[in-house]
Amino acid sequence: MYIHKKFKYSFAILACIVSFAAFGQSGDKFKVVLDAGHGSKDFGAVKNSFVEKNIALAVALKVGRLVDKQPNVDVVYTRSTDVFIELVERANIANRANADLFVSIHCNSNPNSEAFGTETYVMGLTKVKSNLEVAKNENQVITLEADYKVKYAGYDPKSPESLIGITLIQEEHLDQSIAVASKIQDNFTQQLNRKSRGVKQAPFMVLHKTSMPSVLIEMGFLSNKTEGNYLNSEEGQNEIAKAIADAIMSYKKEYYGGTSIENKIDKDALKVEMPREAVSTAKKDSAKAPVTKAPEPKKPEVKTAETKAETKNETKTDSKGVVFKVQISASGTKLDLVPSNFKGLNTISMISEGNLYKYMYGETSDYEKAKELVQEAKSKGFTTSYLIAFKNGKKISIQEALK
């Protein structure tokens, strides 16, 4: 009898481990869409003989080559050559692919040639003038599209804040978008010692139209000659691509399971032939121009799930042991925790972190039951729902919870 019980207990543990492995690897692969900004007749920023569309494409292809080597990952490009892709079509490509993550890659520019550093954006409505200016520059491309006034009815590219009148699909994914953006900025700072200008929000049309966690990266300023040289160099692009790829895989590991990138940069495998327009004075310089570094990088301007700020529990949670919940959405709007606000789901709880309210469905210490709760939430229309875990009231990773 004792042996039988012991066997059943061991089998239960083994089944849990196996089911977690299957959970991380079953179904479709983790799908990331890489969007190289601009293309063809849309040059993007052109400063100091550096061309944004070419640098963005080179880095996107390098990121893709790194990520595509990883197990259980698929990479989709909005463009892999010098072609013009409409903004709405870039989002449509990601939506049709049913992607798990959308990453748009760009270079910055500023009338002030001394401006430098990296910043990563998530979709959001803001009154910050500098953020609106960046969004205005990136959204301006729609004027090159035929019938853009019909396609983007209600939106004025000269006034990005006009998106306020359009429903925000991205708000549902804001929490995860910020998590990805923070990982990217952290890697730029920690791996490359680049100046971080922060994680920011702005009304980007390409992010607004996607239906999954989405970020837009400004890798640096082409208007700053030193930074432009770095962005236009092979070594600089390799380093930036590695930092972005690491962040993508770190996000996948945290939210979907799996491993982080461990391979080193294979310079030959990453080599991308840049289009003719991208050849500039950088060729006369060393492969990697020194990049201006800030004495102390600024902290991200948007708080994330990783911040150490105190988390306020708005509903009662089990303070003992490990419990699983299903995160169904994150929003800047505080809602009453009633079924009518959550498509009929009850047992809704909420935590607030920074300016975000995170809404969770159900609570169980049974992992198998937790997976059923995820499916229930998805059947109600919360298609991007995912499991989170708490131990003694503190958020932990799913991997740690299953140990």
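Residues numbered from 1 in each chain as written. Predicted model: local features only at pLDDT ≥ 70, side-chain atom pairs only at ≥ 80, totals over all residues. Heavy atoms only, no water.

Below, the discussion takes up the overall build of the protein. A tally of regular secondary structure across the protein gives twelve helices and 14 strands. Within the span of the protein, comprising 403 residues, buried residues form 51% of the whole. Taking all contacts inside the protein whose residues are at least 6 apart in sequence as the whole, residues at least 24 apart take part in 79%. Entry remark: accessible area of the protein is about 19100 Å², with carbon and sulfur atoms responsible for 51%. (Helix = DSSP H or I, 4+ residues; strand = E, 2+ residues; numbered from the N terminus. Buried < 20%, exposed > 50% of the residue type's maximum accessible area, 1.4 Å probe, protein only. Contact = heavy atoms within 4.5 Å. Areas by Shrake-Rupley, 256 points an atom, 1.4 Å probe, with all protein chains shown as cover.)

Looking now at the nonpolar core. The biggest cluster of nonpolar side chains holds 56 residues, and the ones touching the most others in it are Val32, Val63 and Ile248. Here the element with the most residues in this core is helix H9 (residues 234-256); it accounts for ten residues. When we break this core down by domain, the ones giving at least three residues each are domain 1 (30-256) and domain 2 (322-402). (Core = buried A, V, L, I, M, F, W, Y, C linked by side-chain atoms within 4.5 Å. Domains from an automatic or database assignment.)

With that settled, consider the sheet that holds strand E1 (residues 30-36). Taken in spatial order, the six strands of this open sheet run E4-E1-E5-E8-E6-E7, and their pairing is mixed. Where the open sheet ends on each side, the last strands, each with one partner, are strand E4 (73-77) and strand E7 (196-202). For this sheet, the mean inter-axis angle between neighbouring strands, taken without regard to orientation, is 20°. Here strand E6 (residues 118-123) runs beside strand E8 (residues 214-221); their pairing, made up of three bridges, is antiparallel. When the sheet's bridge partners are listed, threonine 120 is paired in E8 with isoleucine 217. Relative to E1, helix H3 (residues 87-96) is tilted by about 170°, and along the sheet it contacts E1, E4 and strand E5 (101-108). Seen against the sheet, helix H8 (residues 225-232) touches E5 and E8 and runs at an angle of roughly 120° to E8. (Pairing = 2+ DSSP bridges. Axes fitted to C-alpha atoms, helices over the stretch in contact; angles between N-to-C directions.)

On inspection of all chains with the given rule, the structure shows seven aromatic pairs. An angle of 75° between the planes, with centres 5.1 Å apart, marks the rings of tyrosine 255 and tyrosine 386 as edge-to-face. You can see tyrosine 255 sitting in helix H9 and its partner tyrosine 386 sitting in strand E13 (residues 386-391), a full 131 residues away along the chain. The buried category is assigned to tyrosine 255, whose relative accessible area is 9%. Given the relative accessible area of 9%, tyrosine 386 is considered buried. Considering the side-chain rings of phenylalanine 342 and tyrosine 359, the 5.1 Å spacing of their centres and the 50° angle between planes classify their relative orientation as tilted. Within this pair, whereas phenylalanine 342 is found in the loop between strand E10 (322-331) and strand E11 (348-353), its partner tyrosine 359 is found in strand E12 (residues 356-364), the two being separated by 17 residues in sequence. Take tyrosine 359: its relative accessible area is 1%, and that puts it in the buried class. (Phe/Tyr/Trp six-rings, centres within 6.5 Å; stacked < 30°, edge-to-face > 60°.)

This part takes up helix H6 (residues 174-192). For H6, with 19 residues, the first-to-last C-alpha span of 26 Å sits near the 27 Å given by 1.5 Å per residue. When you tally the buried positions in H6, you get 16 out of 19 residues, the bulk of the element. Directly after H6, the chain includes asparagine 193, whose backbone phi takes a positive value near 60°. (Expected span 1.5 Å × (residues − 1).)

A separate point is H9. Helix length check: H9 (23 residues) gives 32 Å between terminal C-alpha atoms against 33 Å at 1.5 Å per residue, within 8%. Taking burial as the measure, the 23 residues of H9 include 17 buried ones, the bulk of the element. One or two residues past the end of H9 sits glycine 257, with phi positive at roughly 85°.

What follows is about the pattern of salt bridges. Summed over all chains, the structure comprises 13 salt bridges. The partner of aspartate 35 in a salt bridge is arginine 90, and the shortest N-O contact between them spans 2.6 Å. In this pair, aspartate 35 sits in strand E1 while arginine 90 sits in helix H3, placing the two residues 55 residues apart along the sequence. Its relative accessible area of 3% is what places arginine 90 among the buried residues. Across the salt bridge formed by arginine 197 and glutamate 119, the nearest N and O atoms sit 2.8 Å from each other. Of this pair, arginine 197 sits in strand E7 while glutamate 119 sits in strand E6, placing them 78 residues apart in sequence. Owing to a relative accessible area of 2%, glutamate 119 belongs among the buried residues under this scheme. Residues participating in the shared-partner salt-bridge network are Glu119, Arg197 and Lys200. (Salt bridge = Lys/Arg side-chain N within 4 Å of Asp/Glu carboxyl O.)

Along the polypeptide, threonine 120 turns up in strand E6. C-alpha of threonine 120 to C-alpha of glutamine 185: the two residues are 65 residues apart in sequence and 6.8 Å apart in space. Apart from the residues lying within four places of it in its own chain, the contact partners of threonine 120 are Ala181, Ile184, Gln185, Gly198, Val199, Lys200, Val215, Leu216 and Ile217.

To continue, consider the pairing of E13. Along E13, five of the six residues are buried, which leaves the element largely enclosed by surrounding structure. Two elements, E10 and E13, share six bridges in a ladder whose sense is antiparallel. By the bridge assignment for E13, valine 323 is matched with phenylalanine 390. Bridge count for E13 against strand E14 (residues 394-396) is three bridges, and the pairing is antiparallel. Bridging across to E14, lysine 391 finds its partner in lysine 394. With antiparallel pairing between neighbouring strands as the criterion, E13 and E14 make up a hairpin whose turn holds two residues, including asparagine 392 at a positive phi of roughly 55°.

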